[in-house]
Amino acid sequence: MEGVLTVEQVADDLSALADAVLRVSGRWCWQRLKQRHRDEPRCAIIGYGKLGGKELGYGSDLDIVFVYDDPDERASEVYATLVRKLINWLTVKTGEGDLYEIDTALRPNGNSGLLVTSFDAFAHYQQNRGSNTAWTWEHQAITRARCVLGPPDLVQRFEDVRLAVLTAPRSSAALAAEIWAMRERLRQAHPVRAGLFDIKHSPGGMVDVEFAVQHLVLAHAAAHPALCANSGNIALLHAAEHAGLLPAGVGQAAARAYRALRQRQHRARLDEASTQIDPALVAEHSAAVRALWAQVFGSVDCTAPVGPAALPTR
């Protein structure tokens, strides 16, 4: 609030706090699990979204996916019990509040999928092996995913899968069209009151930055390894400009805008205030984000239908 900490420092600290809570809670639940069959669990927690990108804000929920790598014949049942116990402890309402809201919808097959997945099944799903494979929006999500907790070998295997997904060959034009369509669908799902600007969802807002960065990563990471780093949207914008993927100044201006928008979001959350504000307050920042969007998606064919019939619902 006093401007002593940068937005990045606040997000790093909030993310480190969430990591610690998951680590302590996970250990606590495992030690008290009746079905426990080994001293240390062979499972991992993968963080997505703001947790994965170390960009947590005040009041952020945790987007997490659970995977395991354990040959025991009871493994699936044991780790499913562990995950249910962990989620219950994290979300239980008490007189002092709760820890976090937990969102597991990014697991393979979404809300219809298993709560915890074997690592091999997760890897095959993400790398488009077999008949049941990930959608483009799920690859968008993995651009900012990281293994928050797990055995070192499982952490490394996840990083290998993530790198393979980011550097997989894909059509830049088709990718841009799919990401643009998903952005339109998300916009329609979050209407904004007339005459106001939503810090996160309005055109020129935070989501536009995130989607533009995701396209830059998925389209160009194979040729520009610096984009593979899970270093946050601000650092990735600078990396993209340095690589020549954005005109001079466009990435830097968008990074400054994203930082300013996040700061406003932090303050609004602390004040329990609305994040829909007077557009004049962020006109310069919104313009910088729109310039980024035009550079990344300016040539996209936007004539394809948008809505439930054109996009996955899971």
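Treat the numbers as computed from the prediction; the structure is a model and nothing was measured.

Analysis parameters
- Residues numbered from 1 in each chain as written.
- Predicted model: local features only at pLDDT ≥ 70, side-chain atom pairs only at ≥ 80, totals over all residues.
- Heavy atoms only, no water.
- Phe/Tyr/Trp six-rings, centres within 6.5 Å; stacked < 30°, edge-to-face > 60°.
- Helix = DSSP H or I, 4+ residues; strand = E, 2+ residues; numbered from the N terminus.
- Buried < 20%, exposed > 50% of the residue type's maximum accessible area, 1.4 Å probe, protein only.
- Patch = residues over 30% accessible without salt bridge, like charges linked within 9 Å, V, L, I, M, F, W, Y side chains within 5 Å.
- Areas by Shrake-Rupley, 256 points an atom, 1.4 Å probe, with all protein chains shown as cover.
- Salt bridge = Lys/Arg side-chain N within 4 Å of Asp/Glu carboxyl O.
- Core = buried A, V, L, I, M, F, W, Y, C linked by side-chain atoms within 4.5 Å.
- Contact = heavy atoms within 4.5 Å.
- Pairing = 2+ DSSP bridges.
- Arc of directions from axis to C-beta.

**Concerning the packing of aromatic side chains**
Per the counting criterion, the structure on display carries six aromatic pairs. Ring centres of tryptophan 30 and tyrosine 79 lie 5.7 Å apart, and the angle between their planes is 10 degrees; on these two criteria the pair is classed as stacked. With a gap of 49 residues between them, tryptophan 30 in helix α1 (residues 7-31) and tyrosine 79 in helix α3 (residues 75-91) connect regions that are remote in the sequence. Residue class for tryptophan 30 comes out buried when judged on its relative accessible area of 2%. These aromatic residues form a ring-pair network of at least three members: Trp30, Tyr68 and Tyr79.

**A closer look at a nonpolar patch on the surface**
On the surface, Trp28, Trp89 and Val92 cluster together into a nonpolar patch covering about 270 Å² of accessible area. Considering the arrangement of structural elements, one finds tryptophan 89 in helix α3.

**Overview of the nonpolar core**
Of all hydrophobic cores here, the largest spans 57 residues; its most connected members are Ile46, Tyr48, Phe119, Phe122, Leu237, Leu292 and Phe297. No other element matches the nine residues that helix α8 (residues 206-220) contributes to this core. Residue contacts for leucine 237: discarding those within four places in its chain leaves Val209, Val213, Leu246, Gly251, Ala254, Ala255 and Leu292. Ala18, Leu33, Ala80 and Tyr100 belong to the second largest nonpolar core, which has 29 residues in total.

**As for the pairing of strand β1 (residues 43-48)**
Burial analysis of β1 places six of its six residues in the buried class, which makes it a mostly covered element. Alternating positions in β1 separate into two faces, Cys43, Ile45 and Gly47 on one and Ala44, Ile46 and Tyr48 on the other, with burial throughout. Here β1 pairs with strand β2 (residues 62-68) via six bridges, running antiparallel. Paired with isoleucine 45 across the bridge in β2 is phenylalanine 66. As paired strands, β1 and strand β5 (residues 146-149) are joined by three bridges and run antiparallel to one another. Residue pairing across strands places isoleucine 45 opposite leucine 149, the latter belonging to β5.

**Thoughts on helix α4 (residues 119-126)**
All of the buried residues along α4 are Phe119, Phe122, Ala123, Tyr125 and Gln126. In a view along the axis of α4, the buried residues occupy a sector of 165 degrees, so they form one face of it. Buried residues along α4 sit against β1, β2, β4 (116-118), α5 (136-142) and α6 (152-166). Within two residues after α4, asparagine 128 carries a phi angle of roughly 55 degrees, on the positive side.

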